[in-house]
Amino acid sequence: MKRLAIRVVPKSSIFRGVILCLCLNLTFANVVRFPRELQLHGSAFLVPYVILLLLVGLPVVLLEISLGQFLGQGSAHMWRAAPFLKGASLVGRIASWLAAIWTSMQSVIALLYIGMLAFKSVPLRECSKSVTINPQAIYNGYDVQQSSGQECLKLTFLRPVWRSSLYFGLLALSLILLWVISMVCTHSGKINRRSIYLFGFVALVVLIFETGWEVTKAINEQYFPDLWPFHPESFADSTVWFNALVQVIYSLNIGFGAVPVLTGKFLYKGDAIKTSFVYMFFNILITAIAVLFYVFQFNNSFTESHPFYPELSTLTVIYDRAISVQESDPTLHRLIPALSFTMIFISSLVSIVIYIYTSTRIIRKHPNYTVCLAGLVVAIAGLLCPNYIFPRILDTRIVGSLAVCAMIFEIILIIWVYGSKNLYTDLEFSLGRPVLKAWLFIWGFIPVLLMALLCWWSITYYDSDLLIDYFPKWLPVVFSLTVIVLLACVEISKQVDYNVFSMIHGATKPSKDWGPADPLVRHAWKQWKSVCEDTGERDFTLRRRGTKDYTNSIKKGQYTHSHKYGASSNRNLSTAGSNSPNYSGSVFGDSAIEEDMSVEKYPHYNKHSSQQQHTTGVHGGYGLDTPPPPLPPLPLTETTDDSSPRISASSRKSSRATDHTKRTPSERSQADLLPNGRKTSDNSFGSRIDIMPTEDEVPTAFARSTAIVRNPLAKAGHQNHQNLAARHYHHHHLSSAPNG
């Protein structure tokens with residue numbers, strides 16, 4: 001049955017991982033934003049996008065997925081590798097929260113379009129410019145001059161609140177509905193994962209249906225729309241390169257901390273390199289389908305070459321397509337654009353759920369409710385800004401800059417501060433095989449490239465930039481640096497040292513909480529790292545339980561190298577806690593607790609203990625070597641001898657329970673006379689006690705009758721324990737005198 005379980009779990013987890021990689025790419029950025037950038041910058045935009053996708057996107061995805069699988073559910077705290085740059089993670093979480101806000105403000109327009117198309121025919125009567133009487137016209141005897149989608153937005157949904165409060169109220173209600181759905185979907189990790197599956201699957205079905213509908217119609221009518229023009233001069237434009245970088249960040253969900261968090265929570269099984277390439281494949285596939293869909297949407301006579309709201313052009317173009325193409329059935333004429341807006345709304349839900357779940361990592365108590373409520377308030381307040389300027393500024397100007405800054409300093413934190421050597425060792429442990437060292441060089445080069453692009457974009461200004469009057473480019477960069485520096489000063493102030501340089505050095509060292517969150521994997525990782533540092537040898541028989549590599553290693557019996565580290569060939573693999581999803585088993589022999597219980601390397605203690613058991617029959621090493629009745633537990637005495645064996649807390653607890661059961665009532669009453677301060681707490685941090693069979697530190701008569709037990713965390717002084725031991729011996733001598 002165990003073999004059957006080992007075979008089934010990897011298959012289901014791999015299938016679930018593949019589906020999750022697919023659904024994570026059905027986001028607003030891939031389905032809507034990428035075609036918008038192509039419309040704004042032309043097909044030349046593909047050149048910088050592909051270059052940055054390969055130079056930045058793929059390496060960062062591999063790095064974040066690898067760290068997410070290595071850290072497990074603790075991947076939300078990557079800053080623990082170097083607390084000095086904790087502010088970079090905070091900036092990324094803020095960018096994720098702001099990304100959810102601007103995405104929600106654009107997706108609610110699609111939701112209102114769905115509502116309008118459900119009750120009204122196309123074209124919308126509110127978007128008509130003029131009406132003339134014509135008895136032969138198709139609109140009930142009237143000729144209607146239609147407005148484009150951009151003009152329709154100005155006449156309806158984007159009218160200022162002081163001119164029409166109706167549309168403002170509809171937008172506010174739509175935002176409330178959207179954020180309530182997001183709040184429910186991020187209530188727990190299980191609900192979040194299932195929500196991503198559901199929304200991603202629905203968005204994929206609608207996207208494929210809409211694209212297939214347009215392609216089939218084009219084949220039947222024997223036409224193919226024109227592609228976007230190619231402008232080579234745009235390669236010298238910093239805006240094109242920076243927008244391509246921001247699009248890579250949005251498309252792959254990197255820089256926000258979303259990939260490590262989701263990987264550590266849902267994709268902890270499987271190979272990180274294979275997962276990264278599968279993730280990239282689905283990303284390219286979804287963007288290609290979305291581009292093909294919007295190629296047909298932009299093929300109409302109403303779309304303007306220079307729209308007033310360029311950030312909303314992918315929303316308005318669907319309405320332009322609906323009024324330019326007449327369907328035979330009026331219901332079908334409304335259903336096709338309604339499905340397109342539904343696809344946009346559902347893909348935005350996938351993005352918002354990812355952003356919110358990532359940003360909630362900075363709040364401990366009721367994080368999703370707090371983040372969603374704050375986002376709802378900010379989004380409704382942003383509707384009051386004229387010309388829909390607030391989400392337009394958030395899109396690239398603020399969120400894009402914050403995400404780039406966060407990614408720069410997080411890579412510096414991992415590669416430069418934590419060290420490429422430490423990272424290489426950690427990834428070897430996570431993958432179970434060596435990592436190509438070229439990746440380390442690429443990861444170290446990425447911050448330099450990103451800083452160059454960010455500086456080039458920040459210092460370049462254009463007269464056509466309408467947003468420059470509202471928000472300068474350099475302001476988000478200054479904000480990011482301020483947050484990072486302030487939190488760095490806080491972390492430095494927490495260090496206890498003699499000078500500032502030592503405090504800074506201490507803040508750059510990994511936190512004690514750095515490493516895998518699973519305690520069993522963490523234990524194996526520490527042993528792995530200590531052996532690598534001491535001997536330089538790697539034992540790649542380590543496989544995380546539940547993975548395909550682990551299953552194959554079990555079938556092939558690949559444990560030939562474990563004897564190097566003292567492992568037994570016939571050790572039991574089904575140890576306690578092996579049901580953990582990331583449990584890897586002990587590669588280096590028994591666990592530390594099991595090794596501490598072994599006393600074979602202390603022959604003098606074994607001999608002494610066997611004599612005690614022979615004379616008294618008390619097991620566990622706490623017995624006496626003389627016929628008198630057993631004494632109550634002895635006071636805990638400190639000693640400096642490190643050559644003694646140790647016993648685990650669980651063994652100590654069971655021994656005490658057995659010993660207490662075997663005592664007579666008079667003996668238990670004598671045990672109750674001992675002060676409470678001399679009792680060892682089983683809940684204390686010290687989980688081991690040392691049994692000292694030597695006779696050097698106690699009187700001779702007392703040593704002949706007892707064994708001294710040392711508690712490493714005993715608070716009393718050495719002299720106090722000796723006094724207590726002498727009084728205890730004197731009490732025993734007086735009580736046994738009449739029987740002598």
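Residues numbered from 1 in each chain as written. Predicted model: local features only at pLDDT ≥ 70, side-chain atom pairs only at ≥ 80, totals over all residues. Heavy atoms only, no water.

- The name an unreviewed UniProt entry assigns to the protein is Sodium/chloride dependent transporter, from the organism Anopheles maculatus.
- Comment text from UniProt for the protein, heading Subcellular location (unreviewed entry), reads "Membrane".
- According to the UniProt record, the Sequence similarities (unreviewed entry) comment for the protein is "Belongs to the sodium:neurotransmitter symporter (SNF) (TC 2.A.22) family." (UniProt positions renumbered as here; feature names shortened; annotations may be inferred.)

Some thoughts on the pattern of salt bridges
Piece 1. Applying the stated rule across the entire model yields nine salt bridges.
Piece 2. Salt-bridge contacts for Arg 36 lead to Asp 395; the nearest nitrogen and oxygen are separated by 2.7 Å. In this pair, Arg 36 sits in helix α2 (residues 28-41) while Asp 395 sits in helix α14 (residues 389-417), placing the two residues 359 residues apart along the sequence.
Piece 3. Judged by relative accessible area, which is 2%, Arg 36 ranks as buried.
Piece 4. Asp 395 sits in the buried class, given a relative accessible area of 1%.
Piece 5. For Glu 311, the salt bridge goes to Arg 392, with nearest N and O atoms at 2.9 Å. With Glu 311 in the loop between α10 (272-297) and α11 (313-324) and Arg 392 in helix α14, this pair connects stretches of sequence that are 81 residues apart.
Piece 6. Glu 311 sits in the buried class, given a relative accessible area of 13%.
Piece 7. Relative accessible area serves as the criterion here: at 7%, Arg 392 is assigned to the buried category.
Piece 8. Put simply, Arg 33, Arg 36, Glu 37 and Asp 395 are held in one network by salt bridges that share partners. (Salt bridge = Lys/Arg side-chain N within 4 Å of Asp/Glu carboxyl O. Helix = DSSP H or I, 4+ residues; strand = E, 2+ residues; numbered from the N terminus. Buried < 20%, exposed > 50% of the residue type's maximum accessible area, 1.4 Å probe, protein only.)

Structural notes on the nonpolar core
Piece 1. Ile 109, Ile 344, Ile 414, Leu 423 and Trp 443 are the most contacted members of the largest nonpolar core, which has 170 residues in total.
Piece 2. In terms of residue count, α14 provides more of this core than any other element does, 18 residues in total.
Piece 3. The two domains that each donate at least three residues to this core are domain 1 (15-132 + 144-493) and domain 2 (519-551).
Piece 4. Apart from the residues within four sequence positions on either side, Ile 109 is in contact with Leu 153, Phe 157, Leu 158, Leu 171, Leu 312, Leu 315 and Tyr 388. (Core = buried A, V, L, I, M, F, W, Y, C linked by side-chain atoms within 4.5 Å. Domains from an automatic or database assignment. Contact = heavy atoms within 4.5 Å.)

Describing the packing of aromatic side chains
Piece 1. Within this structure, the stated rule accounts for 27 aromatic pairs.
Piece 2. Aromatic side chains Trp 439 and Trp 443 sit 6.3 Å apart centroid to centroid with 25° between the ring planes, which places their arrangement in the stacked category. Note that Trp 439 and Trp 443 are positioned in helix α16 (residues 437-458) at a spacing of four residues, about one turn of the helix. A single burial state applies to Trp 439 and to Trp 443, both of which are buried.
Piece 3. The structure contains a cluster of three or more aromatic residues connected by ring pairs, namely Phe 70, Tyr 418, Phe 429, Trp 514, Trp 525 and Trp 528.
Piece 4. The lysine or arginine in question, Lys 437, covers the ring of Tyr 424, its NZ or CZ lying 5.5 Å from the ring centre.
Piece 5. Across from the ring centre of Tyr 461, 5.8 Å away, lies the NZ or CZ of Lys 473, which sits over that ring. (Phe/Tyr/Trp six-rings, centres within 6.5 Å; stacked < 30°, edge-to-face > 60°. Lys NZ or Arg CZ within 6 Å of the ring centre and 35° of its normal.)

Description of the UniProt feature "binding site: Na(+)" (unreviewed entry) in the protein
Piece 1. According to UniProt, the positions carrying the feature "binding site: Na(+)" (unreviewed entry) are Asn 30, Ser 251 and Asn 283. Taken along the chain, the residues just named run across 254 residues; in space they keep tight, none of their C-alpha pairs more than 7.6 Å apart.
Piece 2. Residue placement: Ser 251 occurs in helix α8 (residues 238-252).
Piece 3. Leave out the neighbours within four places in its chain, and Ser 251 touches Asn 25, Ala 29, Asn 30, Tyr 49, Tyr 279 and Asn 283.

Some words on the packing of helix α7 (residues 189-221) against helix α9 (residues 258-266)
Piece 1. Remark: α7 packs on α9, axes separated minimally by 11 Å, with the N-to-C direction vectors making an angle of 105°. Judged by the angle between their axes, α7 and α9 are roughly perpendicular. Touching Gly 189, Asn 192 and Arg 193 of α7 are Leu 262, Lys 265 and Phe 266, all from α9. (Axes fitted to C-alpha atoms, helices over the stretch in contact; angles between N-to-C directions. Parallel < 35°, antiparallel > 145°, perpendicular 65-115°, else oblique.)

Some points on the packing of helix α6 (residues 165-185) against helix α12 (residues 330-359)
Piece 1. Interhelical geometry of α6 versus α12 gives an angle of 55° and a closest axis separation of 10 Å. For the element pair α6 / α12, the angle class is oblique. The two elements α6 and α12 meet at a crossing, and its hand is right-handed. For the pair α6 and α12, contact is made by Leu 178, Trp 179, Ile 181, Ser 182 and Cys 185 and by Phe 345, Leu 349, Ile 352, Val 353 and Ile 356, respectively.
Piece 2. Class assignment of the residues belonging to the contact of α6 with α12 gives a composition of nine nonpolar, one polar and no charged. (Left-handed = near helix turned anticlockwise from the far one by under 90°. Nonpolar A, V, L, I, M, F, W, Y, C, P; charged D, E, K, R; others polar.)

Looking at a nonpolar patch on the surface
Piece 1. A cluster of nonpolar residues, Val 47, Ile 51, Leu 55 and Phe 230, forms a patch on the protein surface that exposes about 320 Å² of accessible area.
Piece 2. Tracing the backbone through its elements, the reader meets Phe 230 in the loop between α7 and α8. (Patch = residues over 30% accessible without salt bridge, like charges linked within 9 Å, V, L, I, M, F, W, Y side chains within 5 Å. Areas by Shrake-Rupley, 256 points an atom, 1.4 Å probe, with all protein chains shown as cover.)

Points about helix α13 (residues 367-382)
Piece 1. Here α13 is 16 residues long and its end C-alpha atoms lie 22 Å apart, about the 22 Å a rise of 1.5 Å per residue gives.
Piece 2. Inspection of α13 places Pro 367, Asn 368, Val 371, Cys 372, Gly 375, Leu 376, Ala 379 and Gly 382 among the buried residues, and these make up the whole buried set. End-on, the buried residues of α13 take up no more than an arc of 150°, which puts them together on one face. In α13, the exposed positions angled more than 90 degrees off the buried face are occupied by Leu 373 and Val 377.
Piece 3. Contacts from the buried residues of α13 go to α4 (86-119), α6, α12 and α14. (Expected span 1.5 Å × (residues − 1). Arc of directions from axis to C-beta.)

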